[in-house]
Amino acid sequence: MMKDATSIPGTTSDVDFAVLLIHGFTGSTTAMRPWAASLEEQGVPTSVPILPGHETHWQDMIGRPYHQWIQRTEDAYDELAATHRRVFVAGLSMGGALALHLATRRNVAGVSLVNPGLVIDSPVAPYAGYLHRVVRSVAPISNDIALPEADENAYSRTPVAAVHELYKLFAQTRARLPLVSAPVQLFRSAVDNVVSDASVHELLKGLQPGILRERIALSRSRHVATLDYDAPKIFKESLRFFTDVTAREEAK
């Protein structure tokens, strides 16, 4: 993680802000590191925390309550906020839900979402708290990417106990959406085999009017768009969003 921005002509590096990037459920920081690298090339400090239970083995997610994921994002935000006037947060999939949740508990400068999850579409999801006692894991939800050979380094199985925690996180985040006051940018893939439009509908229904500032279509990408064909578009447009929001705040 870069601690301080460096002045680079033609970039935003003379503005004091940093970006926290949050990966998805059973995923890894692999999905967020190209985004972080693109920001850092422009002199923007970033942090890409590993959520508890991730980047080891799928069994490590079992028994971890969702508030551990919330706490990790809050700790990472606090670390950045200690040295930067403004901290933006970006999230992919479940990371989007965590970014929104964080925006209700910290003074987040703005939120950039890529295919954020707020609803589990499976009709058995509400019963995952019981099902995990007889079914430990199900098929993975990884690598929904159009770009050949791209790999997000996600788990090979999805632990059912963790799905129950995800279900509770989504429910709590949906309930807190009216509390989000930071401007929100939404990237949405044309094809997403992991998160359906039900999550987008909940986002639009829950946010207060005027909070969603931008909705940008990703025509060539699937769920893990940060590693897909439209990744450069995400990197460019998110930086512009962060810069514009910062400039408007500076002008006040």
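Before reading further, recall that the structure is shown in the block above.
Remember, predicted model here, so these are calculated numbers, not experimental data.

**As for the pattern of salt bridges**
Here comes step 1: Summed over the entire model, instances satisfying the criterion amount to 13 salt bridges.
Here comes step 2: Between R188 and D192 there is a salt bridge, with its nearest N and O atoms 2.8 Å apart. Like R188, the residue D192 is buried in the burial classification.
Here comes step 3: The salt bridge involving D244 is made with R240; its shortest N-O contact spans 3.3 Å. Separated by four residues within a single helix, D244 and R240 lie in helix α7 (residues 231-251), roughly one turn from each other.
Here comes step 4: Residue classification places D244 among the partly exposed residues on the basis of a relative accessible area of 32%.
Here comes step 5: Residue classification places R240 among the partly exposed positions, given a relative accessible area of 29%.
Here comes step 6: When salt bridges that share partners are traced, they join E74, D78, R105 and R106 into one network.

**A few points about the packing of aromatic side chains**
Any aromatic ring pair is given by two values, namely how distant the centres are and how the planes are angled relative to each other.
Here comes step 1: If you walk through the whole model with that rule in mind, you get six aromatic pairs.
Here comes step 2: Their ring planes at 80° and their centres at 5.3 Å tell us that F17 and F88 sit as a pair that is edge-to-face. One end of the pair, F17, is in strand β1 (residues 17-22); the other, F88, is in strand β3 (residues 86-92), with 71 residues separating them in the sequence. Both residues of the pair, F17 and F88, count as buried.
Here comes step 3: For the ring pair F241 and F242, a centre distance of 6.0 Å and an interplane angle of 55° mean the geometry is tilted.
Here comes step 4: By relative accessible area, which is 0% here, F242 ends up buried.
Here comes step 5: Put simply, the rings of F17, F88, F241 and F242 pair up and form one aromatic cluster.

**Focus: the nonpolar core**
Here comes step 1: Of all hydrophobic cores here, the largest spans 43 residues; its most connected members are W69, M94, L100 and V111.
Here comes step 2: Those elements that provide at least two residues to this core are β1, α2 (66-81), β3, α3 (94-103), β4 (111-114), α5 (160-176), β7 (184-189) and α6 (197-206).
Here comes step 3: Ranked by residue count, the leading element in this core is α3, at seven residues.
Here comes step 4: The contacts of L100, once residues within four sequence positions are left out, are V111, L113, L118, T173, L177, V180, V184 and L203.
Here comes step 5: Core analysis: the next-biggest nonpolar cluster, separate from the first, contains 29 residues, L39, V44, A109 and F242 among them.

**Focus: α3**
Here comes step 1: Most of α3 sits out of view: 10 of its 10 residues are buried.
Here comes step 2: Every buried residue of α3 is listed here: M94, G95, G96, A97, L98, A99, L100, H101, L102 and A103.

**Focus on the environment of E202**
Here comes step 1: For E202, the location among the structural elements is in helix α6.
Here comes step 2: Among the polar contacts listed, one links the side chain of E202 to the side chain of K205, at a separation of 3.3 Å.

Here is what the cut-offs are and how they apply
- Residues numbered from 1 in each chain as written.
- Predicted model: local features only at pLDDT ≥ 70, side-chain atom pairs only at ≥ 80, totals over all residues.
- Heavy atoms only, no water.
- Salt bridge = Lys/Arg side-chain N within 4 Å of Asp/Glu carboxyl O.
- Buried < 20%, exposed > 50% of the residue type's maximum accessible area, 1.4 Å probe, protein only.
- Helix = DSSP H or I, 4+ residues; strand = E, 2+ residues; numbered from the N terminus.
- Phe/Tyr/Trp six-rings, centres within 6.5 Å; stacked < 30°, edge-to-face > 60°.
- Core = buried A, V, L, I, M, F, W, Y, C linked by side-chain atoms within 4.5 Å.
- Contact = heavy atoms within 4.5 Å.
- Polar contact = N/O pair within 3.5 Å; in protein donor to acceptor, adjacent residues only side chain to side chain.

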